[in-house]
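# Remarks on the overall topology
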Amino acid sequence: MASLKSRFISAMDLLQEEASKGDLTLRRVFVLLGEEGHAVLVLFLCLPFMQPIPIPGLSTPLGILISLVAIFLFRQRAPWLPKRFENLKISADVVIKVSEVAEKIWTYVSRVVKERLTLLHDFWAFRFINLVVFIGNAVLLSLPLPIPFSNTVPAIGIILCAIGHMEKDGVFILFSYLWCLIVASFFATLAMGAIHFV
């Protein structure tokens, strides 16, 4: 899987090159990243949420798309984009910033990620659990909550699982399971707080 790092960086460089020409539609992003794998696409879709302030109007469509890509990952089929999202515009600045952040993250991640505990990637039962991790976090990410970190917390769980799939690294997948406990605690606290103020 060592070649995957170079393909990932090449995909980010390609996005930056395309974005230098202007804004990109979501369909164009899918075309550019689709062949690089579902996990790369999921990782890219999560990166805009790696900052504390929720992005209005972006979390719901991207949360839905992450869920769809995860389903196709589970079914081992090429990603598919609903027509209603094909012409959704992503500004060139966002694409460039996200791809640059992705490259920086991968520089650090590549030092520790490696193929291990592949059972968590290969065995169908764990692949189903991973699907639940992707979709469960994506649903929470898609909630239009004006609360700091409400997008970031579930996005981290998705990113950990995506990295695990990219390199068949069961340790990262296991971390994504453990992170789900933090996600559950975070949203349970929000729910109890909301009930208290009702």
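Residues numbered from 1 in each chain as written. Predicted model: local features only at pLDDT ≥ 70, side-chain atom pairs only at ≥ 80, totals over all residues. Heavy atoms only, no water.

### What to know about the overall build of the protein
Scanning the protein for helices and strands turns up 10 helices and two strands. Tracing the protein from N to C terminus, the helices and strands come up as α-β-α-α-α-α-β-α-α-α-α-α. A compact globule built from 198 residues should have a C-alpha radius of gyration of about 16 Å, and the protein, at 16 Å, falls within 12% of that. Judged by the C-alpha coordinates and their principal axes, the protein covers about 50 × 40 × 30 Å. Sequence-distant contacts in the protein: of pairs separated by 6 or more residues, those separated by 24 or more amount to 77%. By element, 67% of the accessible surface of the protein is carried by carbon and sulfur atoms, the whole surface being about 10,200 Å². (Helix = DSSP H or I, 4+ residues; strand = E, 2+ residues; numbered from the N terminus. Rg over C-alpha atoms; globule rule 2.2 N^0.38 Å. Contact = heavy atoms within 4.5 Å. Areas by Shrake-Rupley, 256 points an atom, 1.4 Å probe, with all protein chains shown as cover.)

### Details of the packing of aromatic side chains
Under the counting rule described, the total for this entry stands at five aromatic pairs. Relative to Phe175, the ring of Phe172 has its centre 6.3 Å away and its plane inclined at 70 degrees; by these criteria the two rings are edge-to-face. With a gap of three residues between them, Phe172 and Phe175 both fall in helix α10 (residues 170-197), about one helical turn apart. Owing to a relative accessible area of 10%, Phe172 belongs among the buried residues under this scheme. (Phe/Tyr/Trp six-rings, centres within 6.5 Å; stacked < 30°, edge-to-face > 60°. Buried < 20%, exposed > 50% of the residue type's maximum accessible area, 1.4 Å probe, protein only.)

### Section: unusual backbone geometry
Positioned with a positive phi, Phe149 is a non-glycine residue whose angle comes to about 70 degrees. Within the secondary structure, Phe149 sits in the loop between α8 (124-142) and α9 (152-167). Even without being a glycine, Lys168 presents a positive backbone phi close to 55 degrees. On the secondary structure map, Lys168 appears in the loop between α9 and α10.

### Some remarks on the nonpolar core
Met12, Leu15 and Leu65 are the most contacted members of the largest nonpolar core, which has 55 residues in total. Every element with two or more residues in this core is listed here: α1 (3-19), α2 (26-34), α3 (38-46), α4 (59-74), α6 (92-109), α8, α9 and α10. Those residues in contact with Met12, other than ones at most four positions away along the chain, are Leu33, Val40, Phe44, Ser99, Ala102 and Glu103. (Core = buried A, V, L, I, M, F, W, Y, C linked by side-chain atoms within 4.5 Å.)

### A few points about the packing of α8 against α9
Closest axis-to-axis distance for the α8/α9 pair is 8 Å, and the angle between their directions is 150 degrees. Of the possible angle classes, the one that applies to α8 and α9 is roughly antiparallel. Considering how the two elements wind past one another, α8 and α9 form a crossing that is left-handed. Each of Arg127, Asn130, Val133, Phe134, Asn137, Ala138, Leu140 and Leu141 in α8 lies in contact with α9, whose residues at this interface are Pro154, Ala155, Gly157, Ile158, Cys161, Ala162 and His165. Residue composition of the contact of α8 with α9, by class: 10 nonpolar, four polar and one charged. (Axes fitted to C-alpha atoms, helices over the stretch in contact; angles between N-to-C directions. Parallel < 35°, antiparallel > 145°, perpendicular 65-115°, else oblique. Left-handed = near helix turned anticlockwise from the far one by under 90°. Nonpolar A, V, L, I, M, F, W, Y, C, P; charged D, E, K, R; others polar.)

### Some thoughts on the side chain of Ser176
In this fold, Ser176 is placed in helix α10. Ignoring sequence-local partners within four residues, the contact set of Ser176 consists of Val133, Gly157, Leu160 and Cys161.

### A look at the packing of α3 against α9
Packing of α3 against α9 leaves a shortest axis separation of 9 Å and a crossing angle of 155 degrees. Between α3 and α9, the crossing angle belongs to the class labelled roughly antiparallel. For the pair α3 and α9, the sense of crossing is left-handed. Here Ala39, Val40, Val42, Leu43 and Cys46 of α3 come into contact with α9, specifically with Ala155, Ile158, Ile159, Ala162, His165 and Met166. Of the residues contributing to the contact of α3 with α9, the split by class is 10 nonpolar, one polar and no charged.

### Here's the deal with α4
Taking 1.5 Å per residue, 16 residues should reach 22 Å; α4 reaches 22 Å between its end C-alpha atoms and fits that length. Two residues or fewer past α4, Gln76 is found with a positive phi of approximately 55 degrees. (Expected span 1.5 Å × (residues − 1).)

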